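# A closer look at the structure
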Amino acid sequence: MQMSKYRFGQFLLAAVLVTGIVGLSDRVQAQSLPADVAARIDQLLVTESNDSAQTTPVPLVDDETFLRRVFMDLVGEPPTTEDVLAFSLDGTVDKRSRLVRQLLADASYGSNWARYWRDVIMYRRSDERALLSVRSLESYLTDAFNSNTSWDKLTTEFITARGDVRANGRTALIMAQMGRPEETVAEVSRIFLGIQIQCAQCHDHPTDRWTREQFHELVAFFPRVAVRPKRDDGMFNFEVVASDSPIENRSRNTNNRYRGTPEHRMPDLENPEARGETMKPVFFLTGDEVPVGSLDADRRSQLAGWITDSTNPWFARAFVNRIWAELVGEGFYDPVDDLGPGKKCSSPETLDYLAAAFREGGHDIKWLFTTILSTDAYQRASRGRRTFEELPFQANCAQPLRADQLYSSLKTVLEIPEVNATSGRQRSSRSSPRNVFNSVFGFDPSTRRGDVAGTIPQALTMMNSPRINQYATAEKGRMLGRLLQEVADDRQVITELYLRVL
């Protein structure tokens, strides 16, 4: 039998000794309990459905289905056979909540969600060289999620980052856009506020209230930032830098942004050769501003403060909506990165309530996971995507696995060893087996999941991948070969394989 990395045999025996919320920060203890908030969420969803036909939601899943679902969602891989048996034999009433706490305390939780946010940031990169920062980004996020760094702190560190992109994962968001202010602020707004203000870059937003002037006022927080090439021990590299020099010496004939500019100028559409109007840094949601001539550090830290401020409702809503959609299968807003005033929200009272609780608790990420996973909305059986006429959140919506989840599932089932990126000069990790797999199966996590479809290269990879085929054989030393050698009864072998896979 495959041994469990989570040791649920010991987990079961020690169940009566478990108290508190393992892995959650101290600040959550003073916050509303996840179970209480979850119960209120389920009540609000019923109230907001306003269903005259009194449609009955689908039932909650059984323990085995819940076990697999929460493993995939939190640590990105399926439970082992030992996990399944131990959890099935556990007769305590709170075993689901204890399982959630156990997995949130596991190191794989951090790496799973680091990979998710890596894709959120990197899939819309403007330059392939941005991939030089992938390893440092994953490492930074893994540590941050496992130590339960608050979302407002993480956001601030991304917005204010400087330094070597291979060593400092905080620089990845700016590196992904090669330091270009227009692209950077578009991503800052989309990822952290759920507002796609980039549509107002060349004209007033066609469907929202944002103006072209407001977009360029936001850009004015980042003109002094640049991404500069460098060499470390003969290896090509970049660093995010900022200059407060008053001298404007950038060439107009290059798209490389190796130097910043003192101020941002909004292009004159009537006369592209003109210098354009100098823009004052103004935060479009509140009208708060910093003076022209302010230092880079003052601009970016002030912007981060306004974005993460408790009076700004969009910051918490954007994160809650995204995580809810990833776990329940459907967001309150769809797509998950296009909220904003005037956009349709399927259950606004529920989202506002959960976002307020998340905000009041200090933007505690593990608390949010614990709360959502405690709801009936999460624990209901899966169904396909609802039609426009059907009510939201009557079932957990089935969705394709992310590439990392799929690879980790194959790795766990077939016992494929994890291989790190190649050493030496090729330290971008692009040649590792996981990343080769991701290049075929990966997709932008912000894409509507209903729009994600299988491809012919994916089918060919599953059939012909040398690495997968190498470990799917019954040869000596492989999982299947060892199982056939240890277990004589074919029916028992089939049962073991079923538990491993499904």
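Coordinates for the structure precede this section.
Residues numbered from 1 in each chain as written. Predicted model: local features only at pLDDT ≥ 70, side-chain atom pairs only at ≥ 80, totals over all residues. Heavy atoms only, no water.

## Some points on the overall build of the protein
When its secondary structure is counted, the protein shows 22 helices and seven strands. Within the protein, buried positions represent 54% of all 502 residues. For the protein, long-range pairs separated by at least 24 residues make up 70% of all intrachain contacts whose partners lie at least 6 apart in sequence. Split by element, the accessible area of the protein, about 22600 Å² in all, is 51% carbon and sulfur. (Helix = DSSP H or I, 4+ residues; strand = E, 2+ residues; numbered from the N terminus. Buried < 20%, exposed > 50% of the residue type's maximum accessible area, 1.4 Å probe, protein only. Contact = heavy atoms within 4.5 Å. Areas by Shrake-Rupley, 256 points an atom, 1.4 Å probe, with all protein chains shown as cover.)

## Description of a nonpolar patch on the surface
Judged by side-chain polarity, Ile456, Leu460 and Met463 come together as a nonpolar surface patch covering roughly 330 Å² of accessible area. Looking at the secondary structure, you find Ile456 in helix H19 (residues 456-464). (Patch = residues over 30% accessible without salt bridge, like charges linked within 9 Å, V, L, I, M, F, W, Y side chains within 5 Å. Salt bridge = Lys/Arg side-chain N within 4 Å of Asp/Glu carboxyl O.)

## So, unusual backbone geometry
Here Asp334 and Pro335 are connected by a cis peptide whose omega angle stands at 5°. Looking at the element boundaries, Pro335 is found in the loop between helix H13 (313-328) and helix H14 (348-360). Backbone geometry places Met178, a non-glycine residue, at a positive phi of 50°. Within the secondary structure, Met178 is located in the loop between helix H9 (172-176) and helix H10 (181-193). Notably, Phe393 is not glycine yet its phi reads approximately 60°, a positive angle. Here Phe393 lies in the loop between strand S6 (382-383) and strand S7 (396-397). In this structure Phe393 comes out as buried when scored by relative accessible area, which is 3%.

## Section: the nonpolar core
Formed by 100 residues in total, the largest nonpolar core has its most connected members in Val70, Leu74, Trp117, Phe192 and Trp324. Here this core takes nine residues from H13, the largest share from any one element. Filtering out sequence-adjacent residues up to four positions away, Leu74 remains in contact with Val100, Leu103, Leu104, Ser108, Tyr109, Asn112, Trp113, Phe369 and Leu373. With 11 residues, the next largest nonpolar core counts Val413, Ile416, Ile468 and Met479 among its residues. (Core = buried A, V, L, I, M, F, W, Y, C linked by side-chain atoms within 4.5 Å.)

## Things to note about the sheet that holds strand S2 (residues 225-232)
Backbone-to-backbone hydrogen bonds join strands into a sheet, with any given pair of strands oriented parallel or antiparallel. Taken in spatial order, the three strands line up as S1-S3-S2 in an open sheet, and their pairing is antiparallel. In this open sheet, the two edge strands, each paired with only one partner strand, are strand S1 (163-164) and S2. In this sheet, strand S3 (residues 235-242) lies alongside S2 in antiparallel orientation, the contact comprising eight bridges. By the bridge assignment for S3, Arg231 is matched with Phe236. (Pairing = 2+ DSSP bridges.)

## Brief notes about H10
Over its 13 residues, H10 runs 17 Å from end to end, which matches the ideal 18 Å to within 8%, given 1.5 Å per residue. Of the residues making up H10, those classed as buried are Pro181, Thr184, Val185, Ala186, Glu187, Val188, Ser189, Arg190, Ile191, Phe192 and Leu193. Packed against the buried residues of H10 are helix H6 (107-122), helix H8 (151-159), H9, helix H11 (212-219), helix H12 (296-308) and H13. Once H10 ends, the next one or two residues include Gly194, with phi positive near 70°. (Expected span 1.5 Å × (residues − 1).)

## Regarding the pattern of salt bridges
Pairs can form between side chains of opposite charge whenever their charged atoms are close. In this structure the tally under the stated criterion is 36 salt bridges. Here Glu138 and Arg118 are joined by a salt bridge, their closest N and O atoms 2.9 Å apart. Highlighted residues: Glu138 in helix H7 (residues 134-146) and Arg118 in helix H6, separated in sequence by 20 residues. The same class applies to Glu138 and to Arg118, which are both buried. A salt bridge links Lys280 to Glu289, with the shortest nitrogen-to-oxygen separation between them at 3.0 Å.

## Details of the pairing of S3
Counting buried residues in S3 gives six out of eight residues, a clear majority hidden from the surface. Sheet topology note: the S1/S3 ladder contains two bridges and is antiparallel. Bridged to Asp164 within S3 is Glu239. The loop that links S2 with its antiparallel partner S3 comprises two residues; one of these, Asp233, has a positive phi angle of about 55°.

## Focus on the packing of aromatic side chains
Each aromatic ring pair is summarised here by two numbers: the centre-to-centre distance and the angle between the ring planes. For the structure shown, the criterion picks out 21 aromatic pairs. Where Tyr116 meets Trp117, the ring centres are 5.3 Å apart and the plane angle is 85°; that geometry is what we call edge-to-face. Residue Trp117 is classed as buried on the basis of its relative accessible area of 3%. Here Arg69 stacks its cationic end above the ring of Tyr378, 5.7 Å away from the centre of that ring. Looking at Arg478, its charged tip hangs above the ring of Tyr471, at a distance of 4.2 Å from the centre. (Phe/Tyr/Trp six-rings, centres within 6.5 Å; stacked < 30°, edge-to-face > 60°. Lys NZ or Arg CZ within 6 Å of the ring centre and 35° of its normal.)

## Observations regarding the side chain of Asp296
Within the fold, Asp296 resides in helix H12. Overall, Asp296 belongs to the buried group, its relative accessible area being 1%. Within the structure, Asp296 has its side chain in polar contact with the side chain of Arg300 (distance 2.9 Å). Beyond its immediate sequence surroundings of up to four residues, Asp296 is in contact with Arg162, Phe221, Arg224, Val225, Ala242 and Asp244. (Polar contact = N/O pair within 3.5 Å; in protein donor to acceptor, adjacent residues only side chain to side chain.)

## Looking at the packing of H13 against helix H15 (residues 365-373)
Packing of H13 against H15 brings their axes to within 11 Å, and their N-to-C directions diverge by 45°. It follows that H13 is oblique to H15 by the angle criterion. Crossing angle aside, the handedness with which H13 passes H15 is right-handed. Contact residues: Phe319, Val320, Ile323, Trp324, Leu327 and Val328 in H13; Ile365, Leu368, Phe369, Ile372 and Leu373 in H15. (Axes fitted to C-alpha atoms, helices over the stretch in contact; angles between N-to-C directions. Parallel < 35°, antiparallel > 145°, perpendicular 65-115°, else oblique. Left-handed = near helix turned anticlockwise from the far one by under 90°.)

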